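What the coordinates show
Here are the chains, one letter per residue:
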Amino acid sequence: MSSRRRIRLRLALRNLSRQKRRSALSGSAMLLAMALLVFSRAIADGGHEEWIDAGVRMGDGHVSVQAPEYRTRRSLEYRLSPDVRAAVQDALRAPAISNRVVASAPRLTVQGLASSSQAALPVAVMGVDPELERSFSRLDEKLEEGRWLKPDDRLQAYVGARLASRLKLKEGSRFVLTAQDASGEITGQMVRVAGTFRSGIPEMDEGLLQIPLATAQEWLGVPGSVTSEAILLRDSRDTRPALRDLRSALAGWSDDAAVLGWRESMPELNAALRMDDWADYVFHLVLFVIAATAIVNTILMSVMYRTREFGVLRALGLERGEVGRVVFIEGMILTAISGVVGMALGAAVVWGFFRNGLDFSALWDMELEAAGVVIDPVIIPAFHWNQILLSLISILAIGSLSSVYPAWRATRIDVAEAMKFEE
Amino acid sequence: MSAGANGSDVSTGRVRALGTPAVRTQGLWKVYEHDGIRVEAVRDVSLTIEQGEFVVLAGPSGSGKTTLLNVVGGLTRPSDGKVWIDGTDITALSERELARLRLEKLGFVFQAYNLLPVLTALENAEFTLLLRDVPPEERRERVEKLFERIGMTGLEDRRPGKLSGGQQQRVAVARAVVAEPSLVLADEPTANLDTATSTSLIDLMAELNREFGTTFVFATHDTRLMERARRVIRLVDGAIVDDTRRA
Ligand SMILES: Nc1ncnc2c1ncn2[C@@H]1O[C@H](COP(=O)(O)OP(=O)(O)O)[C@@H](O)[C@H]1O
Ligand SMILES: [Mg+2]
């Protein structure tokens, strides 16, 4: 460090500590802003992770493999053949992918009609592997009556509670499913209610039922085939690399298999999260503007009040720009220290008090459903590195934005004017 | 009388050339215009101050002493005319070059509040040495010697706020001379001091002038200081009306 730079740094530091009260006061605005930022980010990131997790478990996973046309056509014609499924399983076993994967579940979904003696209603019929599905969607935990499917079940169905009540079905009741099979023929299948579930999501409770995968395949004439392989990842932030790896592993099957991320397969959830993020950013911007105003104010006041000092510095041989830099460094140091302390404080509060989750159930007295997902009122905060990095960058941005104007003012001081002695 | 150009050549060399005046001005004007009101603060001043002089610019309040001093020190640009410091035409210098010249050739003492409040007495005194990258040992040695000389030993670590007005002015003088500039410009340095304190400050500056040959130019209406000067230049309404040397 050159000695002139050292002098400027010394002057800046000494000035900050000379005006301890003022520095502390304006620093505290920054400190609070950053603490709030870290706190709200940790809650938002934790909440979003839970929201995504709940969404992808009920839906198609973080990543799903389907026939390319299935997404738009939803027809059995577009399904994954046993060969493609084997290739998918192979790809999932590759180390780079498997260490990100928590579970995968095969599903054969068709649109059909459920008919009881009382009524006939449109439904989504999902053929599932009971064991794999249970650890995936955890729909067994939403049981209302009866039981979840067992591996050796054949003609049992797990039915949305609203659907069951509309069809006047009880545990053990028989009803008929009809749908188009692989060859386009309408075909029926009689099943029996094993249990009913209430997920809290109206679309599911009114229109979904699950039957064993083997039963569905046999009924619809597609042995060994599924319409999608849903894959659950350790963390939603693994989606991008998992997509990339799976796509390259399945590059040879691109005519038969498309790999979709949750943002594509659940656009509603994606949009809801983006909205929530934007709301957060607006909130952060308000925090930043408040903090920056406090800092600009303090530094500017201190510049006005030190006109004579800057005059002395100039008379002694400092250049205009150097005087400006002293002020700029002051602002940056004030912002950086209070900002980082604020971040630490926010993190400490989150970690110290809410590490095991922040219970919002008092605020939301009913079940909260949004974008097809039921949100758990207990949010486990999460610290994401990119958010921490973003916070640090914001500190630098606030610091330089709020210091540049006072610094410029300091360079504009007229030495002769500043040195005038007022009685 | 030595007002006016003395004909010596302009030396641009950095080394103080023998015979080069410490200050020379030629047809210097400073005119302020605010809202149509025109103030001629300095009017056609041409003067030469030799190395080692101890000069007072005297005159009533508003006669242009401060303005002239500021123009000579490169703190204010003249409206017309030229200023040479140690042979360098400072009216031709850029802002940056002027800052450098102030650092290398000039020392300033103002009426009051000369010191940087956040630095200790010692740090204030050595400030220009720091700016000039003088190594620490040499810095300490020079400043300690000066502190002894100005009777400030033991007060090195005090902040200006904890020093009396006289002590502050002594430190300001020490800071002005520590880097051995060719010229010290002092604007009313004794105006805020009581008689005893001003007398001892004047003694100090006179001794430094004798010992180191540092040129001192004062703007003052303090008669004690005028009595000690070997040359008194009188200003009235921005113009020189009298320039008297004594033995
Ligand atoms: N920045 C300025 N703008 C306008 N007039 C000024 C300015 N500075 C000084 N003056 C005027 O110039 C004249 C000389 O002022 P100054 O040099 O301060 O005198 P002195 O130091 O002898 O009291 C005064 O009339 C003063 O009002
Ligand atoms: Mg004056």
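Provided above is the structure to which this section pertains.
Residues numbered from 1 in each chain as written. Chains lettered and ligands numbered in written order. Predicted model: local features only at pLDDT ≥ 70, side-chain atom pairs only at ≥ 80, totals over all residues. Heavy atoms only, no water.

All right, on to the nonpolar core then. Ranked by internal contacts, the top residues of the largest apolar core, which has 72 residues, are Leu-11 of chain A together with Leu-68, Ile-85 and Phe-127 of chain B. Ranked by residues supplied to this core, first place goes to helix α12 (residues 267-305) of chain A with 7 residues. Excluding residues within four positions of it along the chain, Phe-127 of chain B makes contact with Ile-7, Leu-11, Leu-313, Leu-316 and Leu-318 of chain A together with Leu-116, Leu-119 and Arg-175 of chain B. (Core = buried A, V, L, I, M, F, W, Y, C linked by side-chain atoms within 4.5 Å. Buried < 20%, exposed > 50% of the residue type's maximum accessible area, 1.4 Å probe, protein only. Helix = DSSP H or I, 4+ residues; strand = E, 2+ residues; numbered from the N terminus. Contact = heavy atoms within 4.5 Å.)

Looking now at the packing of helix α13 (residues 307-316) of chain A against helix α14 (residues 320-354) of chain A. Residue and element names in this part refer to chain A. For the pair α13 and α14, the least separation of the axes is 9 Å and the interaxial angle reads 140°. Relative to α14, the element α13 lies oblique. Crossing handedness for the pair α13 and α14: right-handed. Counted together, Phe-310, Leu-313 and Arg-314 of α13 and Arg-320, Val-323 and Val-327 of α14 form the full contact between these two elements. Class assignment for the residues of the contact of α13 with α14 results in 4 nonpolar, no polar and 2 charged. (Axes fitted to C-alpha atoms, helices over the stretch in contact; angles between N-to-C directions. Parallel < 35°, antiparallel > 145°, perpendicular 65-115°, else oblique. Left-handed = near helix turned anticlockwise from the far one by under 90°. Nonpolar A, V, L, I, M, F, W, Y, C, P; charged D, E, K, R; others polar.)

Moving on to the sheet that holds strand β2 (residues 37-49) of chain B. Residues and elements named next belong to chain B. Read from one edge to the other, the open sheet built from 4 strands follows the order β2-β1-β4-β5, with strand pairing classed as antiparallel. In the strand order of this sheet, the two ends are held by β2 and β5 (88-89), each with one partner. With respect to the sheet, helix α1 (residues 65-72) is in contact with β1 (23-34), β2 and β4 (80-85), its orientation differing from that of β1 by roughly 120°. (Pairing = 2+ DSSP bridges.)

All names here are of chain B. Taken together, the 6 strands give an open sheet; going across it, the order is β6-β7-β8-β3-β9-β10, and neighbouring strands pair in mixed fashion. On the outer flanks of this sheet lie β6 (106-109) and β10 (239-245), each paired with one strand and no other. Each neighbouring strand pair of the sheet contributes to a mean axis angle of 15°, computed without reference to strand direction. Across 5 bridges, the pairing between strand β7 (residues 183-187) and strand β8 (residues 215-220) is parallel. Its bridge partner lying in β8, Asp-187 is registered against Ala-219. Docked against the sheet, helix α2 (residues 95-105) engages β6 and β7, running at close to 80° with respect to β6. Along the sheet, helix α7 (residues 195-212) contacts β3 (54-58) and β8; its crossing angle with β8, the most-contacted strand, is approximately 150°.

So, about the side chain of Ser-46 of chain B. Residue and element names in this part refer to chain B. Structurally, Ser-46 can be placed in strand β2. Looking at Ser-46, the relative accessible area reads 14%, which means it is buried. Here Gly-27 takes part through its backbone nitrogen, which lies 2.7 Å from a polar atom of the side chain of Ser-46. (Polar contact = N/O pair within 3.5 Å; in protein donor to acceptor, adjacent residues only side chain to side chain.)

In the vicinity of ligand 1 there are 14 residues, among which Gly-62, Gly-64, Lys-65, Thr-66 and Thr-67 of chain B approach most closely. Residues lining ligand 1 come from chains A and B. In the model, a nitrogen atom of ligand 1 is placed 3.4 Å from a nitrogen or oxygen of the Lys-420 of chain A side chain. Measuring from an oxygen atom of ligand 1, one finds a side-chain N or O atom of Thr-67 of chain B at 2.5 Å. Broken down by secondary-structure element, the contributors of at least two residues to the shell around ligand 1 are β1, β2 and α1 of chain B. Broken down by element, the shell around ligand 1 gets its largest block of residues, 3 residues, from α1 of chain B. Across the shell around ligand 1, the residue classes tally to 4 nonpolar, 7 polar and 3 charged. (Near = heavy atom within 4 Å.)

Before going further, it helps to examine empty space enclosed by the protein. Using the criterion set out here, one finds 5 cavities of 30 Å³ or more in the structure. Of the pockets and cavities examined, the largest cavity occupies roughly 90 Å³. For the largest cavity, the lining is made up of 13 residues, of which Leu-106, Gly-107, Thr-128, Arg-175 and Ala-176 of chain B are closest to its centre. For the lining of the largest cavity, the secondary-structure elements that each account for two or more residues are α13 of chain A together with α2, β6 and α6 (165-177) of chain B. In terms of residues, the lining of the largest cavity owes the most to one element, β6 of chain B, which gives 3 residues. Here the residues of the lining of the largest cavity are counted per class, giving 8 nonpolar, 2 polar and 3 charged. (1 Å grid on protein atoms, 1.4 Å probe; cavity = no way out; pocket = protein on both sides within 12 Å on 5 of 7 lines; lining within 4 Å. Points joined across faces, edges and corners; volume = space filled by probe spheres on them.)

Turning to unusual backbone geometry, a few remarks are in order. Residues and elements named next belong to chain B. A positive phi angle, near 50°, is found at Asp-44, a position not held by glycine. By secondary structure assignment, the location of Asp-44 is in strand β2. Backbone geometry places Glu-180, a non-glycine residue, at a positive phi of 50°. Inspection of the secondary structure puts Glu-180 in the loop between α6 and β7.

A few words on the packing of aromatic side chains. Residue and element names in this part refer to chain A. Across all of its chains, the model carries 10 aromatic pairs over all chains by this definition. Ring centres 5.1 Å apart and planes at 35° place the aromatic pair Tyr-158 and Phe-197 in the tilted group. One end of the pair, Tyr-158, is in strand β5 (residues 156-160); the other, Phe-197, is in strand β7 (residues 186-197), with 39 residues separating them in the sequence. The class for Tyr-158 is buried, based on a relative accessible area of 0%. Note on Phe-197: relative accessible area 0%, which makes it buried. (Phe/Tyr/Trp six-rings, centres within 6.5 Å; stacked < 30°, edge-to-face > 60°.)

Residues and elements named next belong to chain A. Here helix α1 (residues 3-18) crosses α14 at 50°, and the two axes come no closer than 9 Å. On the basis of the axis angle, α1 is oblique to α14. When the axes of α1 and α14 are compared, the crossing they make is right-handed. Seen from α1, the contacting residues are Arg-4, Arg-8, Leu-9, Leu-11, Ala-12, Leu-13, Asn-15 and Leu-16; seen from α14, they are Glu-322, Arg-325, Val-326, Ile-329, Glu-330, Ile-333 and Leu-334.

Note that all results are geometric; they support no functional claim without further evidence.
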